[in-house]
Amino acid sequence: MSFESAKPFQDFTHFPRGLRRCGEFTVTEAQLLEQCGHAMLGLYTGQRAPMTDDEQRFVEQVQQQTAPELRHARVWMKYLKVIGPRRVHRLCSPMTSGAGSDDDYEPAEDTAD
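Residues numbered from 1 in each chain as written. Predicted model: local features only at pLDDT ≥ 70, side-chain atom pairs only at ≥ 80, totals over all residues. Heavy atoms only, no water.

Quick look at the packing of helix α2 (residues 53-64) against helix α3 (residues 71-83) now. A pair of packed helices is captured by two measures, namely the crossing angle of their axes and the spacing between those axes. Look at α2 against α3: their axes get within 9 Å of each other, and the N-to-C directions meet at 40°. If you check the angle between α2 and α3, you find them oblique. The chirality of how α2 crosses α3 is right-handed. Facing α2, whose interface residues are Phe58, Gln61 and Val62, α3 presents His72, Ala73, Trp76 and Met77. Of the residues that constitute the contact of α2 with α3, the class distribution is 5 nonpolar, 2 polar and no charged. (Axes fitted to C-alpha atoms, helices over the stretch in contact; angles between N-to-C directions. Helix = DSSP H or I, 4+ residues; strand = E, 2+ residues; numbered from the N terminus. Parallel < 35°, antiparallel > 145°, perpendicular 65-115°, else oblique. Left-handed = near helix turned anticlockwise from the far one by under 90°. Contact = heavy atoms within 4.5 Å. Nonpolar A, V, L, I, M, F, W, Y, C, P; charged D, E, K, R; others polar.)

Attention now goes to the environment of Phe9. Inspection of the secondary structure assignment puts Phe9 in the segment before α1 (27-45). Classification of Phe9 by relative accessible area gives buried; the value is 5%. Among residues more than four places away in sequence, those in contact with Phe9 are Leu19, Leu33, Glu34, Gly37, His38, Leu41 and Tyr79. (Buried < 20%, exposed > 50% of the residue type's maximum accessible area, 1.4 Å probe, protein only.)

Here you go:
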């Protein structure tokens, strides 16, 4: 059997309430991560050698980082995306240290009667 794991996979660092309750994964995705997560992690980091053709295809698809066909690879790529660094998009550019610095800022007084 491929993707065998001795114990359930949990990542309480990124998901303190558990994989099933985080809201990022469907029930089937969370179950697959819990059942096969240690095997997928070992294959991803290279600590475990692929034992079956499915595991070899998993390693190839994850390394290519394209649209994976294998279900295990899709779920693992989604897991990596969720735990990856968050990008912050700003609507304005940051202020430069030149003109308009915080030292020169003075709030306008309210003149409403």
